[in-house]
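Structural description and commentary
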Amino acid sequence: MRRLFILECKKIVTSVVYWLFVAAMAVVFLLNYGDVDEEQIADDSSPCSLFYCAKDGKYADEQDHLSGKDGQNQMMQGLTKKLLHSYQNNSYEYYPFDYIKIKVFSDSEQKMVLKYLQEITGMKEKEILTGTGETTDTIPEQTEASGEGQYIAEPGTGKMNEAGQYEFRPDEWKYVENPSASAREEEKIQVSFQRFMEIMDEISGMIGKNSYFSRELIDLYYGDNDMEDSPVTLKQHKEFYDGDRITGAFARYYCDSIALAVPILPVFVITEMMAGDRRNKVREPVYTKPVSGFKLIFIRYLAAVGMMFVPILLLPVRSFILLAQYADSIGAAIDLFAFPKYIFGWILPTLLFAAALSLFLNVLAGSSASVLAMGIFWLFFKPSVGKLAGGNYELWDIAIRHNTLKGFGRMLQQLDRLIMNRIWILSISVVLVLLSVWIYDVKRKGGLRFHVREFIRYRKREC
């Protein structure tokens, strides 16, 4: 049995498809996890960073009990600020496949957004481009900022460069001491809440499915969850340092970053593994070997899962080392086993299920039609964008989403449902493997000869 397992592992590791799987997982990881650890560490002085430690012990107020009007004002201010930033950079976020993508608008679309911004804020075009003070030029070195002040461009100054951005000379900057950001934002909103949401609908339609300004994501980012990029509260601070112990938050985020790739990519490895026998014309000899169907299918299944699980375990090693070094520098405790704990609990059951269903389809159909079937399955059963915030697990969720570094407490509140979900997914995986063994044995004895290509040819002859 051990010799057969090693043989199957060698066959997989020498396959080009397997290394394409490894490369695909690495790309997915880099695109969705990226340098989130480095960014958070570099931004540890910002009140919005989970690494932020207030010297006076005062953190942002909890926002769970905002009145309807206050909540609407906060939402409009936040979305207006986001839209201003998106317009200035011509960079609009959306989730066409439940992962973040960036869309660049044409000149005509940018003019439409500008028109909406002018209606919302009452500002002129130049004020929209320069009013937030977010430019690419350098603030004069001889002047130092103090308190909570900031530099803003003097009205009527600056000029647009070839890239479409405004540039300013050092003497065109003005330092404003202790500006009231909230007051400025409230003054900008010139439309009713109803009209504001109509504009958001129009802009969302221009961007695409699940844009940042869509109703679903507005509720996701401004509802009762931890998705909003806002100053850290005392509760979130304690959950990050005492509950997650730093690495737990990033381990969850890593699992989320590959959550949608795991249910679909294994089918290529499984299909290649099963098709190898047919290409090498050893299918019938394999069927007649003195090896039980259970042993052969089970060993192949374990070998495929094991070889695919190795890169999933190794991908976040660099991130763990970086987080451990930073935690040591500030004297904070970390969860040494956070990454393997979440990978085994969240990702492994999904991988086992994906491999089991792929194996079942391959043994049943006997062709690469299983790839198409898995693709259809993925489209229908992947978690919706509404589950990005995590904490809302259902029994049939194949993949677990948690697209935020926050939310440890919310996860604990639904931990029982999460455990039941993972047990259920594991149970289905076992059933699928056993069904694969049964079908394999029946086929080896000459029964259940069903192949997709032969079925298609038969249907064509009938027609």
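Residues numbered from 1 in each chain as written. Predicted model: local features only at pLDDT ≥ 70, side-chain atom pairs only at ≥ 80, totals over all residues. Heavy atoms only, no water.

1. Concerning the packing of helix α11 (residues 247-257) against helix α16 (residues 338-365)
Where α11 meets α16, the closest approach of the two axes is 9 Å, and the angle between their N-to-C directions is 35°. Between α11 and α16 lies a crossing whose hand is right-handed. Contact residues: α11 offers T247, G248, F250, A251, R252, Y254 and C255, while α16 offers A338, F339, Y342, I343, W346 and I347. By residue class, the composition of the contact of α11 with α16 is 10 nonpolar, two polar and one charged. (Axes fitted to C-alpha atoms, helices over the stretch in contact; angles between N-to-C directions. Helix = DSSP H or I, 4+ residues; strand = E, 2+ residues; numbered from the N terminus. Left-handed = near helix turned anticlockwise from the far one by under 90°. Contact = heavy atoms within 4.5 Å. Nonpolar A, V, L, I, M, F, W, Y, C, P; charged D, E, K, R; others polar.)

2. Overview of the environment of E8
Secondary-structure assignment places E8 in helix α1 (residues 2-13). Judged by its relative accessible area of 3%, E8 falls in the buried class. Considering only alpha carbons, one finds E8 and Y301, 293 residues apart in sequence, at a separation of 9.4 Å. Each residue touching E8, except ones within four places of it in the same chain, is listed here: M273, I299, R300 and A303. (Buried < 20%, exposed > 50% of the residue type's maximum accessible area, 1.4 Å probe, protein only.)

3. Some thoughts on helix α15 (residues 317-330)
Here α15 is 14 residues long and its end C-alpha atoms lie 20 Å apart, about the 20 Å a rise of 1.5 Å per residue gives. The set of residues buried in α15 consists of S319, L323, Y326 and A327. Looking down the long axis of α15, one finds its buried residues gathered within 100° of arc, a one-sided arrangement. Turned more than 90 degrees away from the buried face of α15 sit Q325, D328 and S329, all of them exposed. In this structure, the buried side of α15 is in contact with α3 (36-42), α11 and α16. Downstream of α15 by one or two residues, G331 has phi in the positive range, about 75°. (Expected span 1.5 Å × (residues − 1). Arc of directions from axis to C-beta.)

4. A word on the nonpolar core
The tendency in soluble globular proteins is for nonpolar side chains to be buried side by side. Counting 84 residues, the largest nonpolar core has F51, I246, F250, Y254 and I312 as its most contacted members. Here this core gets 17 residues from one element, more than from any other, and that element is α16. If we ignore the near neighbours within four places in the chain, the residues touching I246 are F51, F240, Y241, L323, A327, A332, A333 and I334. Y94, F105, V113 and M227 belong to the second largest nonpolar core, which has 38 residues in total. (Core = buried A, V, L, I, M, F, W, Y, C linked by side-chain atoms within 4.5 Å.)

5. Considering the packing of aromatic side chains
One pair of aromatic rings is described through two measures. These are the centre distance and the angle between the planes. Counted according to the given criterion, the structure contains 23 aromatic pairs. Taking 5.5 Å as the distance between ring centres and 70° as the angle between the ring planes, the aromatic pair formed by Y212 and F213 counts as edge-to-face. Ring-pair connections join several aromatic residues into one group, and the members of that group are F29, Y33, Y253, Y254, F320 and F339. Positioned over the ring face of Y212 is K82, at 4.9 Å from the centre of the ring. Positioned over the ring face of W378 is K382, at 5.8 Å from the centre of the ring. (Phe/Tyr/Trp six-rings, centres within 6.5 Å; stacked < 30°, edge-to-face > 60°. Lys NZ or Arg CZ within 6 Å of the ring centre and 35° of its normal.)

6. What about empty space enclosed by the protein?
Scanning the model with the defined rule gives five cavities of 30 Å³ or more in all. Roughly 60 Å³ of internal volume is contained in the second largest cavity. In terms of lining residues, the second largest cavity is bounded by L260, P263, F377, W378, F381, K382, P383, I398 and A399. In terms of residue class, the lining of the second largest cavity is built from eight nonpolar, no polar and one charged. (1 Å grid on protein atoms, 1.4 Å probe; cavity = no way out; pocket = protein on both sides within 12 Å on 5 of 7 lines; lining within 4 Å. Points joined across faces, edges and corners; volume = space filled by probe spheres on them.)

7. Side note on a negative patch on the surface
A contiguous patch of negative charge, built from D35, E39, D43 and D229, is present on the exposed surface. Within the element layout of this structure, E39 appears in helix α3. (Patch = residues over 30% accessible without salt bridge, like charges linked within 9 Å, V, L, I, M, F, W, Y side chains within 5 Å. Areas by Shrake-Rupley, 256 points an atom, 1.4 Å probe, with all protein chains shown as cover. Salt bridge = Lys/Arg side-chain N within 4 Å of Asp/Glu carboxyl O. Lys, Arg positive; Asp, Glu negative; His and termini not counted. Charge placed at Lys NZ, Arg CZ, Asp CG, Glu CD.)

8. Some thoughts on helix α5 (residues 107-121)
With 15 residues, α5 extends 21 Å between its outermost C-alpha atoms, agreeing within 8% with the 21 Å of an ideal straight helix rising 1.5 Å per residue. Among the residues making up α5, those that are buried are Q110, V113, L114, Y116, L117, I120 and T121. Projected down its long axis, α5 shows its buried positions confined to an angular sector of 165°, all on one face. Of the exposed residues in α5, those oriented more than 90 degrees away from the buried face are S108, K111 and K115.

It is worth stressing that arrangement in space is one thing and function is another; only the former is reported here.
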